[in-house]
Amino acid sequence: MPGFERFGDLERKELQDVMDNGVLMRYGFDGMRNGHWKAKALENELKNVLESDYVQLVSNGTSAVSVALASAGVGAGDEVIMPTFTFVASFEAILLLGAIPILVDIDDTLGLDAKAVEAAITPKTKAVMVVQMCGSMANMKTLSQVCNKHNLLLVEDACQAIGGRYDNKPLGSIGDLGCFSFDFVKTVTCGEGGAVITNNKQYYTNADHFSDHGHDHEGNDRGAETHPFLGYNFRISELHAAVGLAQIKRLPEFLEVQKKNYTILREALSKIPEVTFRTVPEGGQESYAFLNFFLPDLDTARKTINGFKESGVDVCWNYFDNNWHYVRKWNHLKEAKSLFPLSKEIKDALSLLSKKSFDQSDHFIGRNISCLIKMSWTEDEVKKRAKLMVEAVKKVL
Ligand SMILES: *Cc1c(COP(=O)(O)O)cnc(C)c1O
């Protein structure tokens, strides 16, 4: 991660195809295209790679989450359970629909804790949104059991975990709907882009129409299409899809490099007895986009990050103090700072959130260090990095 580290001739060729015919839109203009349908071709590739019956590309990962929830009928007043450790996109996508984000603790997988999920279920709960953070996964078995037991929708945000697997299935394909982002810093990038995947034909049809103004996409005359229901515009462009089409073909190569670099760093750190690694649930296989490990406490983790900075080890974070990924600093959410009026139900829920503490999440996020695995490092660079990391950790302990 990220895919832009490896842009090359294939990306250039796919983009050139689009510029040669000039059709930047994914729908219509059949005569001008010379047979190039980049968004459609990317959807077909993704069906294979993600082993899913249906794929709908959208404009980004945040809209993928909104479109997934809307396609399954989640909306005003419905509660969606989500983790305290994720990207701000998770609650944005829920709030956009007038639904209510309910934040709950994570466990040592750094994903949703099934027990915390079960404790948060109310008669208004409609969906559980699991977020597969940093290339690995929550315990999908226990989460699926809770969702089945309470008849809840399981939506899987796999934006940071393309290529990871669980129980011999690609991450993203385990829940009722899966969401992906192809933004500029993801393993596979389009610049901006996203996808909703599902095996449910009705959800797919809904996603297809909803993401394009409610168009029914019947026949060859876009102007004559009808609108079975309200929609919005969350379309991807052909330019973005063209880059993604090149990148998805290279995913096996990307995963191999990530795994190689990850393994060198992990083996070096595992020689330190105080260092433990995030739990990967049984049957899980990481995408190796990040390496996550735990130190004994918050203080050691903070000092280690400072040590990394001093020795020039970049792209490692302790998310406890992070503005984007952890509940502690989401004051704009807790204070319900919105440009437009929010419903009373949402304001009430956010006011409750502002008074809540998340000790279990603090316990894991406080001690965690998360390192991005780059694909542009040479083997020598990774080995040098491993040595510097080990030295910095040992100095603090
Ligand atoms: C990147 C990301 C998103 C949002 O994707 P965008 O394409 O940037 O909108 C959502 N969830 C997670 C976990 C992400 O990492």
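Heads up: the structure comes first, above all this text.
Everything numeric here is computed off the predicted structure, so don't read it as measured data.

Student: Explain the overall build of the protein chain to me, please; I cannot follow it from the model alone.
Tutor: A tally of helices and strands in the protein chain yields 14 helices and 14 strands. Its C-alpha radius of gyration of 21 Å places the protein chain within 12% of the 21 Å reference for a compact globule of 397 residues. With respect to the principal axes defined by its C-alpha atoms, the protein chain has extents near 70 × 50 × 40 Å. Taken across its 397 residues, the protein chain has 56% of its residues classed as buried. For the protein chain, contacts bridging at least 24 residues in sequence account for 69% of all contacts bridging at least 6. For the protein chain, the computed accessible surface area is about 17100 Å², with 52% contributed by carbon and sulfur atoms.

Student: It is not clear to me how the site of the ligand should be interpreted in this structure. Could you clarify?
Tutor: Taken together, 14 residues surround the ligand, and among them Gly61, Thr62, Ser181, Asp183 and Lys186 come closest. Taking Gly61, its main chain carries an N or O atom lying 2.7 Å from an oxygen atom of the ligand. Side-chain polar atom of Ser181 to an oxygen atom of the ligand: 2.7 Å apart, as the coordinates give it. Within the complex, 94% of the 380 Å² of free accessible area of the ligand lies under protein. For the shell around the ligand, the class distribution of residues is 5 nonpolar, 6 polar and 3 charged.

Student: Quick question: what am I supposed to make of the packing of helix H3 (residues 61–71) against helix H7 (residues 201–210) here?
Tutor: Packed helices, taken two at a time, are described by the angle their axes make and the gap between the axes. Look at H3 against H7: their axes get within 8 Å of each other, and the N-to-C directions meet at 125 degrees. Viewed along their axes, H3 and H7 adopt a mutual orientation that is oblique. Along this stretch, H3 crosses H7, giving a crossing that reads as right-handed. On H7, the residues that touch Val67, Ala70 and Ser71 of H3 are Tyr203, Asn206, Ala207 and Phe210. Among the residues forming the contact of H3 with H7, the class breakdown is 5 nonpolar, 2 polar and no charged.

Student: Where do I start with the pattern of salt bridges in this structure?
Tutor: Side-chain pairs of opposite charge can arise where the charged atoms are in close proximity. Summed over the entire model, instances satisfying the criterion amount to 25 salt bridges. Between Lys149 and Glu118 there is a salt bridge, and its shortest N-O distance comes to 2.8 Å. Within this pair, whereas Lys149 is found in helix H6 (residues 140–149), its partner Glu118 is found in helix H5 (residues 114–120), the two being separated by 31 residues in sequence. A salt bridge links Asp212 to Arg235; the nearest nitrogen and oxygen atoms lie 2.7 Å apart. You can see Asp212 sitting in the loop between H7 and helix H8 (238–249) and its partner Arg235 sitting in the loop between H7 and H8, a full 23 residues away along the chain. On the basis of relative accessible area, Asp212 is assigned to the buried category, the value being 0%. Take Arg235: its relative accessible area is 24%, and that puts it in the partly exposed class. Connected through shared salt-bridge partners, Lys13, Glu14, Asp17, Lys38 and Lys249 make up one network.

Student: Before we go on, may I ask you to explain the side chain of Thr304 in this structure?
Tutor: Looking at the secondary structure, you find Thr304 in helix H10 (residues 298–310). Given a relative accessible area of 0%, Thr304 falls into the buried group. Only 2.7 Å separates the side chain of Thr304 from the backbone oxygen of Thr300, close enough to count as a polar contact. Here Thr304 is in contact with Leu295, Ile369, Val393 and Val396, once residues within four sequence places are set aside.

Student: Mind showing me how you'd approach the packing of H3 against helix H4 (residues 89–96) here?
Tutor: Look at H3 against H4: their axes get within 8 Å of each other, and the N-to-C directions meet at 40 degrees. Judged by the inter-axis angle, H3 sits oblique to H4. As for how H3 packs across H4, the hand of that crossing is right-handed. Where H3 abuts H4, its residues Thr62, Val65, Ser66 and Leu69 lie against Ala89, Glu92, Ala93, Ile94 and Leu96. Here the contact of H3 with H4 is composed, by residue class, of 6 nonpolar, 2 polar and 1 charged.

Student: Would you mind going over the side chain of Gln258 with me for this structure?
Tutor: Relative to the helices and strands, Gln258 resides in helix H9 (residues 251–269). Non-local contacts of Gln258, meaning those with residues more than four positions away in its chain, are made with Met1, Thr187, Ser287, Tyr288, Ala289, Ile373 and Met375.

Student: Honestly, the pairing of strand S8 (residues 177–181) in this entry has me stumped. Any pointers?
Tutor: Within a regular beta strand, the side chains point alternately toward one face of the sheet and then the other, so they alternate between its two faces. For S8, a buried count of 5 out of 5 residues is recorded, marking the element as mostly surrounded by other parts of the structure. Because side chains alternate across S8, one face comprises the buried residues Leu177, Cys179 and Ser181, and the other comprises Gly178 and Phe180, equally buried. Relative to S8, strand S5 (residues 153–157) runs parallel, the two sharing 3 bridges. Looking across to S8, one finds that Glu156 is bridged to Gly178.

Student: Explain the state of the cysteines here, please?
Tutor: Joining two cysteines, a disulfide is a covalent bond between their sulfur atoms. Here the structure, examined in full by the defined rule, presents 1 disulfide. The partner cysteine of Cys316 in its disulfide is Cys371, sulfur to sulfur 2.3 Å. The disulfide joining Cys316 to Cys371 has a torsion of about 110 degrees about its S-S bond and is therefore right-handed. Taken as a pair, Cys316 in strand S13 (residues 316–317) and Cys371 in strand S14 (residues 368–372) lie far apart in primary sequence, 55 residues in all. Lacking any disulfide linkage, Cys147 is separated from the closest cysteine sulfur, that of Cys179, by 14 Å. Here Cys147 falls in the buried class, since its relative accessible area comes to 3%. Cys159 supplies the cysteine sulfur nearest to Cys190, a cysteine that is in no disulfide, at a spacing of 12 Å.

Here is what the cut-offs are and how they apply
- Residue numbers restart at each chain and count upward from 1, following the sequence in its written direction.
- For this predicted model, a pLDDT threshold of at least 70 governs which residues receive local features, and a threshold of 80 or more governs which side-chain atom pairs are given and counted, while totals over whole chains, interfaces and linings are taken from all residues.
- Note: side-chain values were computed over all heavy atoms of the structure, leaving out hydrogens and water.
- Under the DSSP-based scheme used, a helix requires at least four consecutive residues in state H or I and a strand at least two consecutive residues in state E, with every element numbered from the N terminus.
- For the radius of gyration, the atoms used are the C-alpha atoms, and the globule rule reads 2.2 Å times the number of residues raised to 0.38.
- Type-normalised accessible area, obtained with a 1.4 Å probe on protein chains alone, sets the label of each residue: buried when under 20%, exposed when over 50%, and partly exposed for intermediate values.
- Contacts between residues were defined by any pair of non-hydrogen atoms, one from each residue, lying within 4.5 Å.
- Surface exposure here means Shrake-Rupley accessible area, sampled with a 1.4 Å probe, where a residue is shielded only by the protein chains that are shown.
- Only heavy atoms are used to decide nearness, and a residue is near a molecule or strand if one of them lies within 4 Å of it.
- Definition of a polar contact: a pair of N or O atoms within 3.5 Å, with one able to donate and the other able to accept a hydrogen when the atoms are protein atoms, and with sequence-neighbouring residues admitted only if both atoms are side-chain atoms.
- Here the nonpolar group is Ala, Val, Leu, Ile, Met, Phe, Trp, Tyr, Cys and Pro; Asp, Glu, Lys and Arg are the charged ones; every other residue, Gly included, is treated as polar.
- Lines fitted to the C-alpha atoms define the axes, with helices restricted to the stretch that makes contact. Angles between their N-to-C directions range from 0 to 180 degrees.
- Reported orientations rely on four angle classes, namely roughly parallel under 35 degrees, roughly antiparallel over 145, roughly perpendicular from 65 to 115, and oblique for the rest.
- Note: crossing handedness is left-handed where the near helix turns anticlockwise from the far helix by less than a right angle, and right-handed where it turns clockwise.
- Salt bridge, as applied in this entry: a Lys or Arg side-chain nitrogen positioned within 4 Å of an Asp or Glu carboxyl oxygen.
- Being paired, for any two strands, means DSSP has found at least two bridges between them.
- To count as a disulfide, a pair of cysteine sulfur atoms needs to be within 2.5 Å.

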